[in-house]
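# Chains, contacts and geometry: an overview
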Amino acid sequence: MKTVINQKVILTALIVGLIASVAFIFIQPLFGMLTLTSRHAAAYVKLGEYDASTALLLSWFVHMSVSVFYALLSTIIFNVNRTWLVNITQVVALGWITTLTATPANEFVVKLITSLQFPDLGTLSAVNTEIGPKLWLHIMFFGVVIAGVWLLNKNEISKSE
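Let us look at the structure shown here. Owing to the predicted nature of the structure, the values given are computational and were not obtained by experimental measurement.

Helix and strand counts for the protein chain stand at 6 helices and 0 strands. Start at the N end of the protein chain and walk to the C end: the helices and strands fall as α-α-α-α-α-α. Relative to the 2.2 N^0.38 estimate, which gives 15 Å for 161 residues, the radius of gyration of the protein chain is 17 Å and therefore close to what a compact globule would have. For the protein chain, the C-alpha atoms occupy an extent of roughly 55 × 30 × 30 Å along the three principal directions. In the protein chain, which comprises 161 residues, the proportion classed as buried is 36%. Excluding contacts between residues fewer than 6 apart, the proportion of contacts in the protein chain whose partners are at least 24 apart in sequence is 70%. When the accessible surface of the protein chain is split by element, carbon and sulfur atoms take 72% of a total near 9,500 Å².

Okay, here's the thing in structure tokens:
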């Protein structure tokens, strides 16, 4: 059986995840939203009394870490099955799942970082079922991830065909 996770998979996920995370933040205002990193940083300053620089660095660290995790998940799926059908399905499915969970997950992270304790899950917002800009942004994120993974694996793919 083929190894699903190895150094190449992790390096690919790291590179693609970091690029996609930066793209996400730069494109987010085009969807009519304040950036996730600026909203988190403001919350860290207000609720956790962090200084502005630390709050901004912390918000970028959290955002990039989550992005790399999502890229790792996508890279693993890509390496298990590289068909277009599977990749389009994962972009839409992961885009939808992350849209559903983004609001409560972001609240969880902000409360965890500002209080330094696990928040009561009952205090978090409901999942976001709205089909709109957040969904398109998340689908775009996973599309960028798959495009990046495909580009970094292009030579390997053509050799196996």
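From this point, the discussion proceeds with the structure in view.
Running from amino to carboxyl end, helix α2 (residues 36-48) crosses helix α3 (residues 52-80) at an angle of 135°, the nearest separation of the two axes being 8 Å. By the angle between their axes, α2 is oblique relative to α3. Considering the relative orientation of α2 and α3, their crossing is right-handed. Side by side, α2 and α3 meet where L36, T37, H40, A41, Y44 and V45 of the first sit next to A52, A55, L56, L58, S59, W60, V62 and H63 of the second. In terms of residue class, the contact of α2 with α3 is built from 10 nonpolar, 4 polar and no charged.

Another point: the environment of V149. Along the polypeptide, V149 turns up in helix α5 (residues 133-152). C-alpha of V149 to C-alpha of T12: the two residues are 137 residues apart in sequence and 6.6 Å apart in space. Apart from the residues lying within four places of it in its own chain, the contact partners of V149 are T12, V16, T75 and F78.

Another aspect to go through is the nonpolar core. Core analysis: the largest hydrophobic core is formed by 17 residues, its most contacted members being F24, F141, F142, V145 and V149. Of all the secondary structure elements, the ones that give two or more residues to this core are α1 (7-27), α3, α4 (84-115) and α5. Here this core gets 6 residues from one element, more than from any other, and that element is α5. Counting 7 residues, the second largest nonpolar core, distinct from the first, contains A43, V62, V110 and I113.

Thresholds, definitions, all that
- Residues numbered from 1 in each chain as written.
- Predicted model: local features only at pLDDT ≥ 70, side-chain atom pairs only at ≥ 80, totals over all residues.
- Heavy atoms only, no water.
- Helix = DSSP H or I, 4+ residues; strand = E, 2+ residues; numbered from the N terminus.
- Rg over C-alpha atoms; globule rule 2.2 N^0.38 Å.
- Buried < 20%, exposed > 50% of the residue type's maximum accessible area, 1.4 Å probe, protein only.
- Contact = heavy atoms within 4.5 Å.
- Areas by Shrake-Rupley, 256 points an atom, 1.4 Å probe, with all protein chains shown as cover.
- Axes fitted to C-alpha atoms, helices over the stretch in contact; angles between N-to-C directions.
- Parallel < 35°, antiparallel > 145°, perpendicular 65-115°, else oblique.
- Left-handed = near helix turned anticlockwise from the far one by under 90°.
- Nonpolar A, V, L, I, M, F, W, Y, C, P; charged D, E, K, R; others polar.
- Core = buried A, V, L, I, M, F, W, Y, C linked by side-chain atoms within 4.5 Å.

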